[in-house]
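Each chain is listed here by its residues.
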Amino acid sequence: MGEVWRVAIIDSLNKFLGKVITFFPNVLAMMTILILGLIIAWVFKKILFYFLKTIQFDRVSKQWGFADILSKGGVTYSPAHLLSRFFYWIIILITLILGINALEVAATQNFIAHFFNYLPNLFAGILILVIGYLIAIFLGQATLIAAVNAQMESAKLLSRIVRWFIIILSLTMALYHLGIAEKVIVATFSITFGGIVLALALAFGWGGRELAKDFLERYYKGREKKGEGEDHISHI
Amino acid sequence: MKTPFQGQLEEVREADILVGIPSYNNSHTIGHVIRAVMAGLAKYFPKAKAVLVNSDGGSTDGTQEEVRRVQIEDYKTILTSHPVHPIHKIITPYHGVPGKGSAFRTIFEAAKSLKAKACVVVDSDLRSITPEWIELLVRPVFEEGFDYVAPLYARHKFDGTITNSIVYPLTRTLYGKRIRQPIGGDFGFSGKLANFYLTKEVWETDVARFGIDIWMTTLAIAEGYQVCQSYLGAKLHDAKDPGADLGPMFTQVVSSVYYLMGEYQTLWEQGFTSQSVPTFGFHYEVGLEPVSVNVERMIGNFRLGVRDLIEIWRKVLPAETTRWLESIEKLSDEAFFLPHDLWVRLIYEFAIAYHQGLVHREHLLKSMIPLYLGKVASFVKENVDSSAIEVEKKIESLCQVFEGMKPYLVERWKKGE
């Protein structure tokens, strides 16, 4: 009986030791990956930061209004600092995933494969959002200035409409790209956009019929009587 | 392969005087301009070999045909002498960015190719040009050794507001020469200077459009060429809708001025006082066409700008300047007044912001238009009952504020670098 117990215990211990010996190189590999990843992330962060400083990324960000948004959101880092930290954490994340993958645990393998397949979509989604946001800020500002110079009282409203339209459009595109509720997103956007256009058409054509008539009359009569009330100074 | 333009230039070979006329749909006025130019050349330079180059932007109203058609049939009816050489006409479309600057580039190329000694450019929409303009713009170059002749006109007291409130005071402050009409549009220059202009790569920028005039004037002064001005009398040109042209005109001129400030920073940073330049021509009083100005609309545009664009301006202006603007916005139409020192500060701060690229440059310049209209409205209100001489004194006092605040510009500019 005692022999049976001894064999059973030693056998299981041997099996455990065997597994530990097989698993130990994986742990070493994981640790090596993590240490290397940390070093690479740190070096990359430094290089990227100096590169962004050299190309005056902070100034460009300020010019595009990106720095303003960050400061309004309470972010005290400069855009160059923030972007280099963002890539630092991305490398850390990838390192962590690679490290876990090196352990060769079956449960994590599938998850990691999915994650890496999804990563390009994630980057594309983020890129669409960032570019969409920058375009929205730029065109919103252009609309505001053009509307003020055209003496439109509702210049700010018009500028906000343009900005939010582009932000919503880029958000829709990003979500569609990420494959999140694709059909719902497209349907929601189509209904919302179509609804807004219809509402505006009805508001202008029905609610503001007199206003529309007055506007068109003034526009065409104004063209006929061009020069009335105009400035005739030569600016140059 | 040789272009028809090059073929025509080779046919003419050489010229003493080249007259360039840029045009775009000016069939109603260009005939008069050409007759005046031909008469001027025949009367004042009968022995010189002259060429007339029409650089056209693709007119569809028969401008080019009009240029070909116009001739002075019998010189005896207007002159006692007769030109020794026939005046050659070269009519060519220009290439590149559509605009006055691109048309000028073609004229510079013709001047280089023909080895012209003296060149003149005159606008094709002029109604007040006389043969004497050609003499006044050519002679200082042809006989007196000058390289650049700027025009000096008699203008309505409310005309030329970009010139009076920005370009003249700023050019004089920065480069030290009192050229009263630096963006007049009609100039005389030497062949040597035309060759120098061609060495610059600016033909894809605003210089290729409305910026050409200030670019030519600034380069002539800054590069040490001999500059002078000639009094031409009244400048009357074809009626346009100035309101429609203000946006691009304003941004192209001001962007060229600001761009040149960056180019010649080391020159204007030096402390010096401005000097007058030699002036040719006989001064006389002329009757000018009245102009109408809608001051209320300009003030309205200024107020709208302060309400809606202040957030953009805050990025480039000190807090005290934006507060000052907000206090002016609250003034009634009757009390509306934009003082000289605030205006000068705005021009300098926007120049620094343009140089630093704090805001997208086109947005920055377009956002200045309500401020400019506010200044024009203030100027018109201030001078409703003033005579032309009194108005000129007010412009002189604005120039002195510009010059007095130059250390502020230099200090702020350096701090921003």
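Residues numbered from 1 in each chain as written. Chains lettered and ligands numbered in written order. Predicted model: local features only at pLDDT ≥ 70, side-chain atom pairs only at ≥ 80, totals over all residues. Heavy atoms only, no water.

### Description of the overall build of chain A
Basically, it comes down to this: Secondary structure elements follow DSSP: runs of H or I no shorter than four residues count as helices, runs of E no shorter than two count as strands, and numbering proceeds from the N terminus. Partly exposed residues are those whose accessible area sits between 20% and 50% of the maximum for their type, while under 20% is buried and over 50% is exposed, using a 1.4 Å probe and protein chains only. Residue contacts are counted whenever heavy atoms from the two residues lie within 4.5 Å of one another. The accessible surface values rely on the Shrake-Rupley method and a 1.4 Å probe; as for residues, cover is taken only from the protein chains in view.
Helix and strand counts for chain A stand at eight helices and zero strands. For chain A, the succession of helices and strands along the chain, N to C, is α-α-α-α-α-α-α-α. The buried share among the 236 residues of chain A stands at 23%. If you take every contact in chain A between residues at least 6 apart in sequence, the share linking residues at least 24 apart comes to 64%. In the structure as shown, chain A presents an accessible area of about 16300 Å², 73% of it carried by carbon and sulfur atoms.

### Notes on helix α1 (residues 4-12) of chain B
Residues and elements named next belong to chain B. Here is the rule: It is the directions from the helix axis to the C-beta atoms whose arc is reported.
By the burial criterion, the buried members of α1 are Phe 5, Leu 9 and Val 12. One side of α1 carries all its buried residues, which in axial view fall inside an arc of 65°. What points out from α1, more than 90 degrees from its buried face, is the exposed set Pro 4 and Glu 11. Packing partners of the buried residues in α1 comprise β2 (50-56), β3 (88-93) and α4 (100-114). Downstream of α1 by a residue or two, Arg 13 has a phi angle that is positive, lying close to 70°.

### Some details on the sheet that holds strand β5 (residues 148-154) of chain B
All names here are of chain B. Cut-off, in case you're wondering: Here, any two strands with at least 2 DSSP bridges between them count as paired. Comment: axis = line fitted to C-alpha atoms, over the contacting stretch for helices; angle = value between 0 and 180 degrees taken between N-to-C directions.
The sheet built from eight strands is open, its strands ordered β3-β2-β1-β4-β7-β5-β8-β10 with mixed pairing. Looking at strand neighbours, the two that pair on one side only are β3 and β10 (279-280), the edges of this open sheet. Note that β5 and strand β8 (residues 227-234) share seven bridges and pair parallel. Following the sheet pairing, Pro 151 is matched in β8 by Ser 230. Lying over the sheet, helix α7 (residues 191-198) contacts β4 (118-121), β5 and β7 (187-190), oriented at roughly 90° with respect to β7.

### A word on unusual backbone geometry
For residues other than glycine, phi is negative in most cases, and the peptide bonds are mostly trans. All names here are of chain B. If you check the backbone angles, Asn 25 has positive phi at about 50° while not being a glycine. You can see Asn 25 is positioned in the loop between β1 (17-23) and α2 (30-44). Even without a glycine there, the phi angle at Lys 115 is positive, about 55°. Tracing the sequence through the fold places Lys 115 in the loop between α4 and β4. Looking at Lys 115, the relative accessible area reads 55%, which means it is exposed.

### Thoughts on the interface of chain A and chain B
Condition: Buried area: the accessible surface (1.4 Å probe) lost by two parts on joining, summed over both. In the sections that follow, a salt bridge refers to a side-chain nitrogen of Lys or Arg positioned within 4 Å of a carboxyl oxygen of Asp or Glu. Whenever two N or O atoms come within 3.5 Å, that pair is a polar contact, provided that in protein one can donate a hydrogen and the other can accept it, and provided that, for residues adjacent in sequence, both atoms are side-chain atoms. For this classification, Asp, Glu, Lys and Arg are treated as charged, while Ala, Val, Leu, Ile, Met, Phe, Trp, Tyr, Cys and Pro are nonpolar and the rest, including Gly, are polar.
Across the boundary between the two partners, chain A contributes 25 residues, which contact 42 residues of chain B. Counting the surface lost from both chain A and chain B, the interface buries some 3200 Å², and carbon and sulfur atoms represent 52% of this. Put simply, chain A and chain B have one salt bridge between them. Residue Arg 307 of chain B is joined to Glu 153 of chain A by a salt bridge in which the shortest nitrogen-to-oxygen separation is 3.4 Å. Summed over the shared surface of chain A and chain B, the number is four residue pairs in polar contact (both at pLDDT 80 or more). Elements with a minimum of two residues in the side of chain A that touches chain B: α2 (57-63), α5 (106-149) and α6 (155-178) of chain A. Ranked by residues supplied to the side of chain A that touches chain B, first place goes to α5 of chain A with seven residues. Tallied by class, residues from the side of chain A that touches chain B come to nine nonpolar, eight polar and eight charged.

### Remarks on the side chain of Ser 386 of chain B
As for its placement among the helices and strands, Ser 386 of chain B is situated in the loop between α15 (369-382) and α16 (388-404). Judged by relative accessible area, Ser 386 of chain B falls into the buried class, the value being 11%.

### Quick look at the pattern of salt bridges
All names here are of chain B. Within this structure, the stated rule accounts for 24 salt bridges over all chains. Two residues, Lys 366 and Glu 362, come together in a salt bridge whose shortest N-O distance is 2.9 Å. Here Glu 362 and Lys 366 lie together in helix α14 (residues 361-367), a separation of four residues that amounts to about one turn. Residue classification places Lys 366 among the partly exposed positions, given a relative accessible area of 31%. Given a relative accessible area of 42%, Glu 362 falls into the partly exposed group.

### A closer look at the packing of α4 of chain B against helix α8 (residues 212-222) of chain B
How two helices sit against one another is set out by the angle between their axes and by the gap between those axes. Residue and element names in this part refer to chain B. As a reminder, the rule being used: In what follows, roughly perpendicular refers to angles from 65 to 115 degrees, roughly parallel to angles under 35, roughly antiparallel to angles over 145, and oblique to any angle outside these ranges.
Closest axis-to-axis distance for the α4/α8 pair is 9 Å, and the angle between their directions is 50°. The angle between α4 and α8 falls in the class oblique. Taking contact as the criterion, the partners of Lys 100, Gly 101, Phe 104 and Phe 108 in α4 are, on α8, Ile 212, Asp 213, Trp 215 and Met 216. Class assignment for the residues of the contact of α4 with α8 results in five nonpolar, one polar and two charged.

Geometric values such as these leave the question of function open.
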